[in-house]
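Architecture at a glance
Here is how the chains run, residue by residue.
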Amino acid sequence: QLQLVESGGGLVQPGGSLRLSCAASGFTLDNKRIGWFRQAPGKEREGVSCISSSGSYTNYADSVKGRFTISRDNAKNMVYLQMNSLKSEDTAIYYCAAGLRPTLETMCTMSRRIFGYWGQGTQVTVSS
């Protein structure tokens with residue numbers, strides 16, 4: 001079965017940190033763009049970060065710049081999102097996504113339409 005599985009979510013107090021992981025099974029992440037998205041209650045799903053097919057380029061939403069870091073480990077077929085200095089506004093379900101096809105090494109975007117594989121999400125709650 002082809003799937004992406006997120007893990008690492010949970011309850012954390014403001015100012016704390018979490019590291020989310022996304023594991024791919026049944027297919028390779030090699031040469032594919034990867035994105036992290038989130039959806040808070042009553043809001044649309046929004047892009048958080050993305051990383052290019054070979055890891056040379058990354059993009060971040062303005063709301064998380066300087067606090068979140070995306071990375072990938074192709075040997076383990078995994079992608080990560082390190083989240084520091086968490087705020088209550090970061091509370092959401094976080095999803096990882098991967099492109100359907102290999103791509104050239106270019107700057108990534110956080111448009112949902114370019115990602116074909118999606119995980120089921122992991123809940124992140126930031127509260128005191």
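Below you will find a few notes about this structure. Just so it is clear, the structure is predicted and the values come from calculations on it, not from any experiment.

**Digging into the packing of aromatic side chains**
- Tallied over the full model, the rule gives four aromatic pairs.
- Each ring, one from phenylalanine 37 and one from tryptophan 118, has its centre 4.9 Å from the other, and the planes form 50 degrees; the classification is tilted. Pair noted here: phenylalanine 37 is in strand β4 (residues 34-39) and tryptophan 118 is in strand β10 (residues 117-118), with a separation of 81 residues, a long-range link.
- By relative accessible area, which is 0% here, phenylalanine 37 ends up buried.
- With centroids separated by 6.5 Å and ring planes inclined at 80 degrees, the aromatic side chains of phenylalanine 115 and tryptophan 118 adopt a geometry described as edge-to-face.
- Its relative accessible area of 6% is what places phenylalanine 115 among the buried residues.
- Chaining the aromatic ring pairs together yields one cluster made of Phe37, Phe115 and Trp118.

**Some remarks on the environment of arginine 113**
- By the secondary structure assignment, arginine 113 is in the loop between β9 (92-98) and β10.
- Under the relative-accessibility criterion, arginine 113 is labelled exposed at 74%.
- Placed 77 residues apart in sequence, arginine 113 and tryptophan 36 show a C-alpha to C-alpha distance of 13 Å.

**A word on the pairing of strand β5 (residues 46-51)**
- In terms of residue burial, β5 counts as a mostly covered element, since five of its six residues are buried.
- Where β4 lies against β5, five bridges are found, and the strand directions are antiparallel. Its bridge partner lying in β5, phenylalanine 37 is registered against glycine 47.
- With antiparallel pairing between neighbouring strands as the criterion, β4 and β5 make up a hairpin whose turn holds six residues, including glycine 42 at a positive phi of roughly 75 degrees.
- Relative to strand β6 (residues 58-60), β5 is paired through three bridges, and the arrangement is antiparallel. Looking across to β6, one finds that cysteine 50 is bridged to asparagine 59.
- Count of turn residues in the β5/β6 antiparallel hairpin: six residues, of which glycine 55 carries a positive phi of about 85 degrees.

**A short note on the nonpolar core**
- Grouped together as the largest cluster of nonpolar side chains are 29 residues, with contacts concentrated most on Leu4, Trp36, Phe68, Leu81, Met83 and Tyr94.
- Secondary structure elements with two or more residues in this core: β3 (18-25), β4, β5, β7 (68-73), β8 (78-83), β9 and β11 (122-126).
- When residues no more than four places from it in sequence are discounted, the contact partners of leucine 4 are Cys22, Ala23, Ala24, Phe27, Leu29, Cys96, Ala97, Ala98, Tyr117, Trp118, Gly119 and Gln120.

**Description of the sheet that holds β8**
- Reading across from one edge, β1-β3-β8-β7 is the order of the four strands in this open sheet, with antiparallel pairing throughout. Of all strands in the sheet, those bounded by a partner on one side alone are β1 (3-7) and β7. Strand-to-strand, the axes of this sheet are offset by a mean angle of 15 degrees, without reference to chain direction.
- Here β1 runs beside β3; their pairing, made up of five bridges, is antiparallel. By the bridge assignment for β3, valine 5 is matched with alanine 23.

Conventions we followed
Residues numbered from 1 in each chain as written. Predicted model: local features only at pLDDT ≥ 70, side-chain atom pairs only at ≥ 80, totals over all residues. Heavy atoms only, no water. Phe/Tyr/Trp six-rings, centres within 6.5 Å; stacked < 30°, edge-to-face > 60°. Helix = DSSP H or I, 4+ residues; strand = E, 2+ residues; numbered from the N terminus. Buried < 20%, exposed > 50% of the residue type's maximum accessible area, 1.4 Å probe, protein only. Pairing = 2+ DSSP bridges. Core = buried A, V, L, I, M, F, W, Y, C linked by side-chain atoms within 4.5 Å. Contact = heavy atoms within 4.5 Å. Axes fitted to C-alpha atoms, helices over the stretch in contact; angles between N-to-C directions.

As far as function goes, none of this settles anything; it's purely spatial.
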